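Observations on the three-dimensional arrangement
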Amino acid sequence: MAGNEWINGYLEAILDAGSAAEPHHRSPIPAPIAESNIFNPTKYFVEEVVGGFDESDIHRSWLKATATKNVHERNIRLENMCWRIWHLARKKKQIEWEHAQRLAKRRLEREQAHKDATEDISDFSEGEKSDPALVESRMPRASSVDYMEAWAEQHKEKKLYIILISLHGLVRGEDMELGRDSDTGGQVKYVVELARALALMPQVYRVDLLTRQICSPEVNWIYGEPTEQLTHRNYRNEEQELGESSGAYIVRIPFGPRECYLRKELLWPYIQEFVDGALAHVCNMSKVLGEQVGNGELVWPHVVHGHYADAAHAAAMLSGALNVPMVTTGHSLGRNKLEQLLKQGRQSKEDINATYKIMRRIEAEELSLDASELVITSTKQEIDEQWGLYDGFNAHIARYLRAKTKHGVSCNGHYFPRMVVIPPGMEFNQTIEPDSGDAADDFDAVGDVPSLQEEPPIWTEIMRFFTNPRKPMILALARPDSKKNMTTLVKAFGESRPLRELANLTLIMGNRDDIDGMSSGNAAVLTTILKLIDKYDLYGLVAYPKHHKQAEVSDIYRLAAKTKGVFVNPALVEPFGLTLIEAAANGLPTVATRNGGPVDIHRVLKNGSLVDPHNHEDIADALLKLLADKQYWTECQRNGLKNIYLYSWPEHCKMYLSRIALCRMRHPKWRNEEFSDVDSDSQEDSLRDVNDLKISFDGDRASLDGSIDIGELLASEGNKVEEKSSADSSENLRPIPYKKVLLNSNSIRTPAVRRRKRLITIAVDSYDAAEFVSVVKHIFEATRSKLTFRGAGYILSSSLKLHEILKMLDSGGISTYEFDAFVCSSGSELFYPSVSTGDDTGNSNELQFCVDSDYEAHIAYRWHRDILRRSIAKWSAATNQQLCEALDEEDKGCTHHCLAYTAKNASMCLKVDEFRKRLRNQGLRCHVIYCQNSSRLHIIPLLASRAQALRYLFVRWGLDISNVLVFVGERGDTDYEGLLSGTHRTMVLKGSVKLGSENLLRSTGSYQREDVVPIDSPRIVYTKNSYGPDEISSALAELI
């Protein structure tokens, strides 16, 4: 191309650099270019224009180019800008292609999962008759108004305890700082008002809203207060008898660095700290409420309700530890946000993940689908178009399963949570009556407020911006976020002359002191709006006040209504649209985006128009139609005021309570006072005082006959426990349940773990017997030399089965009774060593292992071992021959709550996230764990894990989580990360584990360990070089 050598040079540079044009994957610059010290435009283009491209820089480049007087320099700038635009188009096409490929792959996977699940269920249930018990136990549909009222009447005397969780943002009861940042928005207002409204229902005794405690000078002191009682509002029932602890409370749990306020993307590593703190609070409150309204019995939460992904993840762990139903509300979903950002083509998936921790968020939402009984959404669109993107929800299979359940046919372990639409409520204490006056008369009332009520200060603050404040007001209320699309609204107003002549525009965009002090994203949006105001010369026509109080929002709505104005929500996607309901309650017609919740709101209220948020002309036309046609405006106002009470908080709470009534009620059933009493102060009175003990396993009788010594137990491959672990009957899978032994034999002592003030958990995933024994002995030596750990109990936590653990301990001469409990098979089994001091047969001082039957019932939730085993075998053989060849089922390793497989070739095995994805697609809910140096695969119940087993012990025996020390290696099984963080102390023993299984945990492009475990936590310490007693003692000094 003659005369365009620069184009040839740039194209050759692109070809030579290979993938240099790919974002974040630069190839080395060709040697001749790299070695030259002379400025080379080709090198500059490859390094800066293509590789360092930033779309936001285009406008700045254009301004610089047009302002340049030198023609040659201006041409060079324009040429570079052209190539930037070319690169942007190329990048967007590539991202669109990758996005289309992902959608196609996901569609095929979901279609295959639908087919497999349908066939799977049909294979097991074809020809089955309805199960009368199942039909009888199935509850009526909650859509029946009669049933809802009957349920409310039936339960009005009950005193329910409800837990709500909302972690991020600044949460307080009064004068909420909405719009301060992207984390303190509508969700904060929603959860606070929901807590208030639920507490006023006659069936509810107490509501706790759990959030983060923040003791930082950057924020108000109230956010550091442990509790805050939420005040009651207008529809309080004054005749309702309230107890000492009744009502709604904000409970702030300390987790993460308390001295600083963190945005939600930085809270992920500290979620387990919150769970432990919340667990302690709930256990304490359950005792208090039991004394007040439970007749002395513990009052457990009726449900645990998580709001947003972070709180949903916390709710899943908290409800799992307590064994109570979980409810979740997404508010805004990660997969939907990821799809929207990818469609824009401005960021790659890697960039999005780095900025928003989007993959961590998505996995938390998937986990919430695993654990939830109920998912509450604001609109049907959220179910179909947002939750429908997730592996853990398939609307087609969900409807099929509900049909099966309705006819009393078992779903054979396949489960999807119930999705229900319950629009958010609001308070209508300031709802106005329809007004028929003309615009001028209405505005006169603004300046002529009755003498008993002063004119709100915010009115003066807004009207000072306008040249003619009598004109109708177009009101928009949203934070300056790009997805709120305020710039398009300003453009629509600026480019429509009739609209400018007819109305004023008011933009309420949160609170700010200085634009430079705002976040970069919000500052960029606000700066763009100010430039548009200048571009279209909108001075005197647009108001954008810097400050407003939450209590003044209703006054702003009333001002717009008095001027016969319109409320507009132009968001690109609006999950619900609470501001639309608030506007309607104050007599404002609305214009709203047609993407998301406003569609359902408009269908109910019929008080305005829906528009394409990308089309500024469509927005302008809709606004003109409402403002110019007074009859149409009045009709929309009346429709809104007539239908608005469908969104009241009492109606919302009635629907909410009737829906949670459908949750499968499950609560802890144990009674610790049933166990034999011992002197709790005698810390040394434990199994270690007993000599020459024997082990007894008996699965059928309460007597302790059939004793064998440790050597016989370890030498025999056909011992009773192993034979019965492979049997089909659950009765033959375990020795006598622990609780039953204690109740039937007064000679059995209370488990020693109940008496401990401190616990030491050894969870080092070393499977070499000599190394493991060495680690245990060094831990014993180091901890027993410290006065702080004198009398502490020991728990051994491993993926091994009990007989394998005993064999390793026996090889090193370590007594079994050194331990108070054994967490085996990756957390699917819990054993207590127990000593009989004498029984009717005359036997004495015999050690037997008893399974906690309450723990078995606890983890049995959504667990169907045989069905899961057949399903895995079926789909792996049909769809993944490579996986089928890589895994062999291990009959001897299986127990009633653990499917065990031998991994013959780890490189051919699916990663944990891919494995769980395939199970979720079919509605199969469980944990997948690679262990023992990637040589075994364990599939265990959803509520079972080594970390959750420890939390179960804390709840079961009333222990203090902060008094627990956990020993782990530098690496371990794929559940290793769950043991690291929390309010307990963790010590990492360097050199104690040579090989781990973490390489099979996550696929490329997923989140990383730093998104799960806090890197700089003061609760986690490392030994310096090895795991010797001296090294451990030195590290202990840092923790004590």
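Residues numbered from 1 in each chain as written. Predicted model: local features only at pLDDT ≥ 70, side-chain atom pairs only at ≥ 80, totals over all residues. Heavy atoms only, no water.

1. Regarding the overall build of the protein chain
Each helix and strand counted, the protein chain has 37 helices and 27 strands in total. Across the 1040 residues in the protein chain, those meeting the buried criterion constitute 58%. Counted over contacts in the protein chain with a minimum sequence separation of 6, partners at least 24 positions apart contribute 74%. Carbon and sulfur atoms form 49% of the exposed surface of the protein chain, whose accessible area is close to 43700 Å². (Helix = DSSP H or I, 4+ residues; strand = E, 2+ residues; numbered from the N terminus. Buried < 20%, exposed > 50% of the residue type's maximum accessible area, 1.4 Å probe, protein only. Contact = heavy atoms within 4.5 Å. Areas by Shrake-Rupley, 256 points an atom, 1.4 Å probe, with all protein chains shown as cover.)

2. Here we look at the environment of Lys471
With respect to the secondary-structure elements, Lys471 resides in the loop between α17 (457–463) and β9 (473–477). It is 8.5 Å that separates the C-alpha atoms of Lys471 and Lys564, two residues lying 93 residues apart in sequence. Not counting residues within four places of it along the chain, the set of residues in contact with Lys471 comprises Arg500, Glu501, Leu502, Ala503, Asn504, Leu541 and Thr563. Here the side chain of Lys471 touches Arg500 through a polar contact of 2.9 Å, landing on its backbone oxygen. (Polar contact = N/O pair within 3.5 Å; in protein donor to acceptor, adjacent residues only side chain to side chain.)

3. Section: the environment of Asn615
Note on placement: Asn615 falls in the loop between β14 (608–611) and α24 (616–628). Given the relative accessible area of 31%, Asn615 is considered partly exposed. Here the alpha-carbon distance between Asn615 and Leu489, two residues 126 residues apart in the chain, equals 9.5 Å. From its side chain, Asn615 meets the backbone nitrogen of Glu617 in a polar contact 3.0 Å long.

4. Observations regarding the pairing of strand β25 (residues 964–969)
Counting buried positions along β25 yields 6 of 6 residues, so the element is predominantly enclosed. When strand β16 (residues 759–762) meets β25, the two strands line up parallel, connected through 4 bridges. Among the inter-strand pairings, Ile760 is bridged to a residue of β25, identified as Leu965. In the sheet, β25 pairs with strand β26 (residues 985–989) via 5 bridges, with the strands oriented parallel. The partner of Leu965 across the bridge, within β26, is Arg985. (Pairing = 2+ DSSP bridges.)

5. Re the nonpolar core
Grouped together as the largest cluster of nonpolar side chains are 100 residues, with contacts concentrated most on Ile165, Phe274 and Leu322. Here this core gets 11 residues from one element, more than from any other, and that element is helix α10 (residues 308–322). If you look at the next biggest cluster of nonpolar residues, it comprises 40 residues, including Phe789, Ile814, Phe967 and Val993. (Core = buried A, V, L, I, M, F, W, Y, C linked by side-chain atoms within 4.5 Å.)

6. Digging into the pattern of salt bridges
Under the defined criterion, the tally for this structure stands at 45 salt bridges. The salt bridge partner of Asp370 is Arg920, with a shortest N-O separation of 2.9 Å. One end of the pair, Asp370, is in helix α13 (residues 358–371); the other, Arg920, is in helix α35 (residues 912–921), and 550 residues separate them in sequence. As far as the burial class goes, Asp370 and Arg920 line up, both buried. For the salt bridge of Asp555 with Arg558, the shortest nitrogen-to-oxygen distance reads 2.8 Å. Taken together, the positions of Asp555 and Arg558, both in helix α21 (residues 553–562) and 3 residues apart, correspond to about one turn of that helix. By the burial criterion, Asp555 is buried, and Arg558 matches it. (Salt bridge = Lys/Arg side-chain N within 4 Å of Asp/Glu carboxyl O.)

7. Comments concerning the sheet that holds strand β10 (residues 504–508)
Taken in spatial order, the 6 strands line up as β11-β10-β9-β12-β13-β14 in an open sheet, and their pairing is parallel. Strand pairing shows two members of the sheet lacking a second neighbour, β11 (542–543) and β14, which therefore form its edges. Of the pairings in the sheet, the one linking strand β12 (residues 566–569) to strand β13 (residues 590–593) comprises 3 bridges and is parallel in character. Bridging from a neighbouring strand, Val568 pairs with Val591 of β13. Here helix α23 (residues 598–605) sits on the sheet in contact with β13 and β14, set at roughly 155° to β14. (Axes fitted to C-alpha atoms, helices over the stretch in contact; angles between N-to-C directions.)

8. Side note on the sheet that holds strand β24 (residues 936–941)
Strand order across the open sheet formed by 4 strands is β21-β22-β24-β23, with antiparallel pairing between neighbours. Strands at the two margins of the open sheet, each flanked by one partner only, are β21 (887–889) and β23 (926–931). Across the sheet, the mean angle from the axis of one strand to that of its neighbour is 25°, orientation sign disregarded.

9. Examining the packing of aromatic side chains
A full pass over the atoms with the stated rule returns 12 aromatic pairs. Plain terms: the ring middles of Phe393 and Phe416 are 6.4 Å apart, the flat faces sit at 85° to each other, and that makes the pair edge-to-face. Residue Phe393 is found in the loop between α14 (380–386) and α15 (395–406), and its partner Phe416 is found in the loop between α15 and β8 (418–421); the two are separated by 23 residues along the sequence. Per residue, the accessibility class of Phe393 equals that of Phe416, and both read buried. Among the aromatic side chains, those forming a connected cluster through ring pairs are Phe780, Tyr794, Phe819, Phe822 and Phe849. Across the ring face of Tyr249, the terminal group of Arg206 is positioned such that the distance to the ring centre comes to 4.0 Å. The ring of Phe780 is capped by Arg784, whose NZ or CZ atom sits 4.4 Å from the centre of that ring. (Phe/Tyr/Trp six-rings, centres within 6.5 Å; stacked < 30°, edge-to-face > 60°. Lys NZ or Arg CZ within 6 Å of the ring centre and 35° of its normal.)

10. Looking at the side chain of Thr974
Positionally, Thr974 belongs in the loop between β25 and β26. Of the residues examined, Thr974 reaches a relative accessible area of 9% and is grouped as buried. Once residues lying within four places of it in the same chain are set aside, the contact partners of Thr974 are Val912, Val928, Ile929, Tyr930, Ser997, Leu1000 and Leu1001.

11. Things to note about helix α26 (residues 649–660)
Taking 1.5 Å per residue, 12 residues should reach 16 Å; α26 reaches 16 Å between its end C-alpha atoms and fits that length. When we look at burial in α26, the residues that qualify are Trp649, His652, Cys653, Tyr656, Leu657, Ser658, Arg659 and Ile660. (Expected span 1.5 Å × (residues − 1).)

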